[in-house]
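# Structure assessment
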Amino acid sequence: MSFLLVIFSLSTIAASAANEGQTESIKNLPPAEKTRSRNIDIKNISLDLRFDRQIKQAYGSAAITFSTLTKSNKITLDAGMLTINFIKLDNGDLLQFNYDSGDKNDGLKIMLDRTYTKEEIITVKIDYHTNWVNETDANNLSGSNGKGIRFLGPTSAEPKKRIQIWSMGEPESNRYWFPCYDSPDDMRTTEFKATIENNLSFISNGILIDKKDNTDGTHTFHFKTDKPYSNHLTSFAAGEYTDVIQNYDGITLHNYCYPDELEATKASVERLPDMVKFFSGITGAKYPHSEYSQVFVQDLPWGNAGSTISIQTENMIDDFGTHADFFYLWDGLQGESLAQQWFGNYLSCSDWNHIWLTKAFGRYFSGLYNEYKNGREEFLLYQHSFDQSTYHSDRSSGIIQPVVNNNNETAFEFAGGNYPYFHGASVLQMLRKELGEENWSKSIKLYISSNAGKNVTTKDFVNAVEEASGESMKWFFDQWVYKTGHPVFKITKKYDSEKKTLTLYVKQIQKTEAIDLNTVTDFFRGKVEIEIDGNIRQVMIEAKAENIFTFDSQKEPKLVHFDFESTWIKEITFEKTFEELLYQLLNDKDILGRLSAMTELVNIAKNEKTSQKDKLKTYEALRKIITGDSYWRLRFNAVWQLQSLLAPSTQVNPASLDKETIEMLLKIIKNDSSWVKTNAIRFLGVTCDPEYTDIYLNAFKDNSDRVVNAAAIALGKSKSPEAFDALVKLKDKPSWKNQSLISTLNGLKELNDPRGFEVAYNALSDLNLSRWMLSTPVWDFRIAAAETIVSLGKGNEAFPMIFERFKNSLNDNDLNVIFNNVLLITTLSDPRGTEVFEILKVQFKDDENTMTAVYQYESQFKEAISRN
C-alpha cells in the first residue's frame, strides 16, 4: 500500500509567480453544449434480470412507466449496445421500434399504439439482453468504473480473483445494461428483481422487500425504492458478502464485505454512524432514507455514491492498525459517498454542467467531518492544500475549465474531472470564509430544505446563499464558478516608525490577454485575512490592480502573513527576510503559513551562497519543529526537509549525520507516532550503519506496517550480517494485504544479497506463499518482487514467466490484468518485452483509449531499457 503524501508546499505555488503574470499555453474550450431536452417523464423503472457469468450477460426485461411531456405517439430512450428482442404494452400488444445500438442519446425509438396526452400514464415492457462492454480505463491500474456491468471472477492469469458482478452508472453508463433516459434531470423510482446463483448475495438501491429460493440453484432478490432519484444513481453489486450492520437514529447501515475481512471491515467503518449524525446536523436534514449500504468491490480505484447505496473500492478495508494509519484517506471516501446522499441524491444536479453540486459538496463536506473529528490543522494540511495544489497542477498542464462548464465535450470527461471536484471544494472553502460561519450554516440548511427531492442548478445554490446571508453574491460565483483564472498577488510592505503604521501594497499582476476575456476574471475581489504578529485582520480586496491597506502598529511587526490559512486560490510573491521566515516558521498561528516558511527556508539553505550560520539556524529550527508539539503532519514534513539538507537524495549513501540529529531520530523512533517514526527510521537508514540493527529489528514488532517497511529498508541498507535471515523471517509475519512480504522484498532490494532472488521470484510467481498471503489483493507484492529482481540484475530470468501470464491475460480479455502484467514487464526491463507492445497494438488497434495507454507504457518501457 502506497502512502499518499498530501502535505502541499504552498511556496511552490508562490515560486511560480517569479514569472510574473506570464500567460499559459492552454487548451481551447470546445463549443458550448446545449442542455438536453427530454420528451417523457419517467415515473418508475422495474427491472427483472438474470445474470450469466460465463458469457458476461444480463437478460430479462425493463418495464418503464412514464408520461409524455406533450401529445405524442412515439418516445425515445437511451440504450447502449443492447439486444432488444421485443417491446410491448401492459396489455401485451407489441410495439414497433427502431434501434441504433450505439451509445448516442435517444438511440431507441418506440412507436406507441396511439397518440397519448401528457396526463396519461403508460407502461412499456422491453425484453432484452446486455452485451459485454470491455470498457475500462487502461491508464488506471487500480481499476476502472467501466461501462455497463462488470463481470469478475477467477482467470488463468488471476486464479484468486473473487466472483463479482457490479455496476455504477455515473455519468452515463446505465444505458449499457437497461433502457432509460440517461441524464440526471428526470427523477424516478425503481424496482429490481435480480436472479443469481444461490451462493451469491445481491445489493441494490432501496430496501430488500423479498428474497426467494428457486428450484434451479438460484435465488431472487427484490429491491424497491420509495423516493424518486436520478438515473445515474442506479447501482448494484453481487458477490459473496457478509453484512456488518450498524444503526443510527433508526437508520440501518449495511456494510457488505468479504466474509474473510469481517473484523477488518468493522475497523474500517467504525465512524460511519457518527458521520450520519454529523451530516444530519450540518445540513439540518435527517438522512433521507431508512437504510444505507456500502458494498466493497474489486477493480475500482475509489468509490461512487448511488441512491441509498455506495459502491466502494475494496482497498478501503483495512485492519485496525492499517486503518489507524490511513484514516484520513478511507474515512474521506466513505464520508464523501455518504455526504452525496444529501448533495447528489436528496438534491441532484439537473445536468452534468452542474455536477460540482454533487462532487465538490461531497468532497468538501467529507473534509468538514475530517475537521470536526481530527482538527482544523488536519483539514488544512491534508485536504485543503491538496485541493488547491490539484488546481494549480491541472492549470500548469494546460487544463483550464470553470467549475460550471457549459463547454464539456462529454459527460464522462467533465463529471470525472478535477474542476468540479477538487477545485469546487476549494471554492466552497472560500465561500465559507467570505460568508462567515453563521451565514454559511444558514445558507447550506436553506439550500437543502428549499430544494429537497428536486433537481438543482448552481442558480438554486446562489439563491439560497443570497437569501440566507442577505447579500448579493453573484460576483463571487461569477469570478470563481462561472469563469476561470486566479489572482497573482505581488505584495510589499512598509513600516512608518513615526506614524506607527504598517502599509501593505497588494497588486494583482495576472495577465489575461491570451485567454478569452469572456471566461476569465480580470481582477478579483473578496475578503481576505491578514495575520500581523498573531492578530487576524480582515480586509476587502477590491477588483482593481492595486489595493493599499494601512494598520496601526506600535512597533514594526515580526510576522505579516497575507491570506491566513491560504483560503484564496492564488499565486503570491511576498519577499521576506531570512529572520522573518525563521520567526514565521516557529510562531505563525497558521500551520500552512509555517509550512510555507519551512519550504522557503530549506530552499535558502540549499543555496550555495547562504552562510553556514544561517544554514545552522535552519537546521536548529527544523529540529525544534520535529521535537516540539506541532501537528504530526508538520513534524513529518520537517523530518523530510531536514533529511533533504543533511542527506540529500543526490548524495551517495552512506550519509554522515551529526550527533544531535541522530539523538533526535532515536528519540522519535522510540516515542513518536507511526508516520513521524517512519520518516525518522527512513532518515536514520541513510547512514547505512549496522550499528542500528537492533533498532530496526525492534521496529519489526511495531503495530504500524509503515514503520515495519521503513525498518526493513533501513536494515537492508545497513548490510548487517543479521539482515538476510531477519528479512526472510519477516515475510511470514501476519499482516494486512501482504504488507510484511512487501517489506521483506523492499528490504532485500536494498540488501542486494543474491539469495534474495529466490524469495522475490517465488513471490512474483505466487509460489510457496501462505494461504493468508493469497486471500487478499496481491498486486503490490508482485511489483515489489519485480523491483527486487531487477536490483539483483536478474530481470531476464523472470521475464518468461510474466510474458506467459501476459498472454493468458489476453485470452481472458481483462484489461486491468493485461496492463498489470505490462507494468511488470516494463519494470523487468527485458528487451524481449518489445514484443508485448506489438501484440497490444494489433489486439487493440480499434480501441483509441486503450491504444493511448499502450503508447504510454511503451514509452516508459523504452526509457527503462535505455537506463540499463
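Just so you know, these numbers come straight off a predicted model, no measurement behind them. (Residues numbered from 1 in each chain as written. Predicted model: local features only at pLDDT ≥ 70, side-chain atom pairs only at ≥ 80, totals over all residues. Heavy atoms only, no water.)

## Description of the overall build of the protein chain
Looking only at helices and strands, the protein chain features 29 helices and 29 strands. Since a compact globule built from 868 residues should have a radius of gyration of about 29 Å, the 29 Å found for the protein chain is in line with a globular shape. With respect to the three principal axes, the spread of C-alpha positions in the protein chain is 90 × 70 × 50 Å. Of the contacts made within the protein chain by residues no fewer than 6 positions apart, 70% connect residues no fewer than 24 positions apart. Per element, the accessible surface of the protein chain, about 34800 Å² overall, is 47% carbon and sulfur. A gap of 2 Å separates the mean positions of the 96 positive and 117 negative side-chain charges of the protein chain. (Helix = DSSP H or I, 4+ residues; strand = E, 2+ residues; numbered from the N terminus. Rg over C-alpha atoms; globule rule 2.2 N^0.38 Å. Contact = heavy atoms within 4.5 Å. Areas by Shrake-Rupley, 256 points an atom, 1.4 Å probe, with all protein chains shown as cover. Lys, Arg positive; Asp, Glu negative; His and termini not counted. Charge placed at Lys NZ, Arg CZ, Asp CG, Glu CD.)

## Some remarks on the pattern of salt bridges
Under the criterion given, the structure shown has 52 salt bridges. When salt bridges with common partners are traced through the structure, they connect Glu-371, Arg-376, Arg-432, Lys-433, Glu-437, Glu-529 and Glu-565 into a single cluster. (Salt bridge = Lys/Arg side-chain N within 4 Å of Asp/Glu carboxyl O.)

## Section: the packing of helix α5 (residues 327-346) against helix α10 (residues 437-451)
Taken N-terminus to C-terminus, the directions of α5 and α10 make an angle of 50 degrees; their axes are 11 Å apart at the nearest point. Classified by the angle between their axes, α5 and α10 sit oblique to one another. Crossing handedness for the pair α5 and α10: left-handed. For the pair formed by α5 and α10, the contact residues are Trp-342, Phe-343 and Tyr-346 on the first element and Ile-444, Tyr-447, Ile-448 and Asn-451 on the second. For the contact of α5 with α10, the residue count by class is six nonpolar, one polar and no charged. (Axes fitted to C-alpha atoms, helices over the stretch in contact; angles between N-to-C directions. Parallel < 35°, antiparallel > 145°, perpendicular 65-115°, else oblique. Left-handed = near helix turned anticlockwise from the far one by under 90°. Nonpolar A, V, L, I, M, F, W, Y, C, P; charged D, E, K, R; others polar.)

## Focus: the nonpolar core
In this structure, Trp-356, Phe-361, Phe-365, Phe-461, Phe-477, Phe-562 and Leu-840 are the most contacted members of the largest nonpolar core, which totals 184 residues. The greatest single-element share of this core, amounting to nine residues, is contributed by α5. Beyond its immediate chain neighbours, meaning those up to four positions away, Phe-361 contacts Phe-343, Trp-356, Leu-428, Ile-444, Tyr-447 and Phe-461. In this structure, Leu-47, Tyr-116, Tyr-128 and Phe-178 belong to the second largest nonpolar core, which totals 42 residues. (Core = buried A, V, L, I, M, F, W, Y, C linked by side-chain atoms within 4.5 Å. Buried < 20%, exposed > 50% of the residue type's maximum accessible area, 1.4 Å probe, protein only.)

## Brief notes about the confidence of the model for the protein chain
Residues shown with low pLDDT carry predicted positions that ought not to be read at fine detail. Averaged over every residue, the pLDDT of the protein chain is 91; residues scoring 70 or more account for 91%. Of the regions scoring below 50 in pLDDT, residues 136-144 engages in 33 contacts with residues more than four places distant in sequence or in other chains. (pLDDT = per-residue confidence, 0-100.)

## What about helix α17 (residues 659-671)?
Relative to the 18 Å expected for 13 residues at 1.5 Å per residue, α17 spans 18 Å between its end C-alpha atoms, a close match to the ideal helical length. Buried within α17 we find Thr-661, Ile-662, Met-664, Leu-665, Ile-668 and Ile-669. In an axial view of α17, the angular spread of the buried residues amounts to 160 degrees, which keeps them on one side of the axis. Relative to its buried face, α17 has exposed residues pointing more than 90 degrees away, namely Lys-659, Lys-667, Lys-670 and Asn-671. (Expected span 1.5 Å × (residues − 1). Arc of directions from axis to C-beta.)

## A few points about the pairing of strand β1 (residues 40-52)
For β1 and strand β2 (residues 57-68), the ladder comprises 12 bridges, and the chain directions are antiparallel. From the neighbouring strand, Ile-42 faces β2, where its bridge partner is Phe-66. In sequence, β1 turns back onto β2 through a hairpin of four residues, with Lys-56 there showing a positive phi of about 55 degrees. Bridge count for β1 against strand β10 (residues 187-197) is seven bridges, and the pairing is parallel. Each residue of the ladder has a partner; that of Ile-45, found in β10, is Thr-190. (Pairing = 2+ DSSP bridges.)

## Observations regarding the sheet that holds strand β23 (residues 488-496)
The strands making up a sheet associate through backbone hydrogen bonding, with each pair oriented either parallel or antiparallel. Taken in spatial order, the four strands of this open sheet run β27-β24-β23-β29, and their pairing is mixed. Across the chains shown, the open sheet's two edge strands, defined by having one partner strand only, are β27 (546-552) and β29 (571-574). Going from strand to strand, the sheet's axes swing by 20 degrees on average, the running direction of each strand aside.

## Overview of the sheet that holds strand β3 (residues 72-77)
An order of β3-β6-β5 is seen for the three strands of this open sheet, with the pairing classed as antiparallel. The two strands at the open ends of the sheet, each matched to only one other strand, are β3 and β5 (96-99). The average angle at which neighbouring strand axes cross in this sheet is 25 degrees, direction not considered. By the bridge criterion, five bridges tie β3 to strand β6 (residues 108-116) in an arrangement that is antiparallel.

## Here we look at the environment of Ser-866
For Ser-866, the position within the fold is in helix α29 (residues 848-867). Residue Ser-866 is classed as exposed on the basis of its relative accessible area, which comes to 56%. Sequence separation between Ser-866 and Ser-829 is 37 residues, and the spatial gap between their C-alpha atoms is 9.1 Å. For Ser-866, the side chain forms a polar contact with the main-chain oxygen of Glu-863, separated by 2.6 Å. (Polar contact = N/O pair within 3.5 Å; in protein donor to acceptor, adjacent residues only side chain to side chain.)

## Considerations on the state of the cysteines
In this structure the tally under the stated criterion is zero disulfides. There is no disulfide at Cys-180, and the cysteine sulfur nearest it, in Cys-349, is 15 Å away. (Disulfide = S-S within 2.5 Å.)

## Brief notes about the packing of aromatic side chains
What the rule picks out here adds up to 55 aromatic pairs. Between the aromatic rings of Tyr-391 and Tyr-419, the centroid separation amounts to 6.1 Å while the plane-to-plane angle is 75 degrees, which identifies the pairing as edge-to-face. Placement of the pair is Tyr-391 in helix α7 (residues 376-396) and Tyr-419 in helix α9 (residues 419-435), with a sequence separation of 28 residues. Grouping residues by exposure puts Tyr-391 and Tyr-419 together as buried. Seen from their ring centres, Phe-819 and Tyr-857 are 5.7 Å apart, and the 40 degrees between their planes marks the pair as tilted. In this pair, Phe-819 is assigned in helix α27 (residues 815-828) and Tyr-857 in helix α29, connecting sequence segments 38 residues apart. (Phe/Tyr/Trp six-rings, centres within 6.5 Å; stacked < 30°, edge-to-face > 60°.)

## As for the packing of helix α6 (residues 356-374) against α7
At a minimum axis separation of 7 Å, α6 and α7 run at an interaxial angle of 155 degrees. Of the possible angle classes, the one that applies to α6 and α7 is roughly antiparallel. In contact with Arg-363, Tyr-364, Ser-366, Gly-367, Asn-370, Glu-371 and Asn-374 of α6, α7 contributes Arg-376, Glu-378, Phe-379, Tyr-382, Gln-383, Phe-386 and Asp-387. In terms of residue class, the contact of α6 with α7 is built from four nonpolar, five polar and five charged.

## Things to note about the pairing of β10
Across the 11 residues that make up β10, a large majority, eight, are buried. Judged from the two bridges that link them, β10 and strand β14 (residues 229-230) form a sheet pairing that is antiparallel. Bridged to Arg-188 within β14 is Tyr-229. As judged from the seven bridges shared by β10 and strand β13 (residues 218-224), these two strands associate in the antiparallel manner. Looking at β13, one finds that Lys-193 is bridged to His-222.

## Structural notes on the environment of His-561
Its place among the elements puts His-561 in strand β28 (residues 560-562). For the pair His-561 and Phe-781, spaced 220 residues apart in the sequence, the C-alpha separation amounts to 46 Å. With near-sequence residues (within four places) excluded, His-561 lies in contact with Glu-529, Ile-530, Glu-531, Lys-576, Gln-584, Asp-588, Asp-590 and Gly-593. In terms of polar contacts, His-561 uses its side chain to reach the side chain of Asp-588, at 3.0 Å.

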